[in-house]
Amino acid sequence: MRRALLSFVVAYALAGAGAPLHAQAALLDSLRPQIERAVVRGEWTALDPIIARLRAASRGAGVRDPWTHYDLGYALHRRASALLLAERVDQAKPLLEEAEKALAKSQEFGGGGTATALRGAVTGQLAGTGGMMAGMRMGPRAFKQLDEALAGAPRD
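The structure reproduced in this document is the subject of the present report. (Residues numbered from 1 in each chain as written. Predicted model: local features only at pLDDT ≥ 70, side-chain atom pairs only at ≥ 80, totals over all residues. Heavy atoms only, no water.)

So, the overall build of the protein
When you go through the protein residue by residue, the secondary structure sums to 6 helices and 0 strands. When the helices and strands of the protein are listed from N to C terminus, the series reads α-α-α-α-α-α. Burial analysis of the protein (156 residues in total) assigns 38% to the buried set. The long-range share in the protein, meaning contacts at least 24 apart out of those at least 6 apart in sequence, stands at 59%. (Helix = DSSP H or I, 4+ residues; strand = E, 2+ residues; numbered from the N terminus. Buried < 20%, exposed > 50% of the residue type's maximum accessible area, 1.4 Å probe, protein only. Contact = heavy atoms within 4.5 Å.)

So, in structure tokens, the structure goes:
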């Protein structure tokens, strides 16, 4: 009886442990097309609620999921890029800084060359938003990240 109860508890715990991951994958699968649709249409403010959902997910069920952090970094990068084009650097810079941190977490949790490449691009954008000293400091870092991404995923 005791062994059966223990087996039930272990099975229940394992089943529950997979549920957040499945829900997390479903969330990301539903948000990615929305991100791309907003980008293609140039509907930049449509990214704001998506970014809010990804921020929440990155602190909740997706806290250790590389793709939650990657998608957050990607959405922030796209939103910041639109702000840079509109010459609103003061609004874009904090988004780029947040994107860089999200992409660093993605790398930490296994995002691979894809996360490293986007992080390099974001770091390059940050280099351009902070003046000459930021460019001198971050420019080489951006190139290094891009080189690492190419070495880690040469066919991606």
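Regarding the packing of aromatic side chains
Here the structure, examined in full by the defined rule, presents 2 aromatic pairs. A ring pair is formed by Trp67 and Tyr70, whose centres lie 5.7 Å apart and whose planes are at 70°; its orientation type is edge-to-face. Taken together, the residues Trp67 and Tyr70, both in helix H3 (residues 66–85) and 3 residues apart, mark about one turn of the helix. Trp67 gets classed as partly exposed once you look at its relative accessible area, which sits at 32%. Here the aromatic rings of Tyr70 and Tyr74 are separated by 6.4 Å at their centres, their planes lie at 5°, and the arrangement is stacked. Residue Tyr70 and its partner Tyr74 are both found in helix H3; the two are separated by 4 residues, about one turn of the helix. Among the residues examined, Tyr74 registers a relative accessible area of 15% and is labelled buried. The structure contains a cluster of three or more aromatic residues connected by ring pairs, namely Trp67, Tyr70 and Tyr74. (Phe/Tyr/Trp six-rings, centres within 6.5 Å; stacked < 30°, edge-to-face > 60°.)

Focus on helix H5 (residues 112–129)
Between the first and last C-alpha of H5 there are 26 Å, a value that for 18 residues agrees with the 26 Å anticipated at 1.5 Å per step. Three or more residues of H5 are buried, namely Gly113, Ala115, Thr116, Leu118, Arg119, Gly120, Val122, Thr123, Gln125, Leu126, Ala127 and Thr129. (Expected span 1.5 Å × (residues − 1).)

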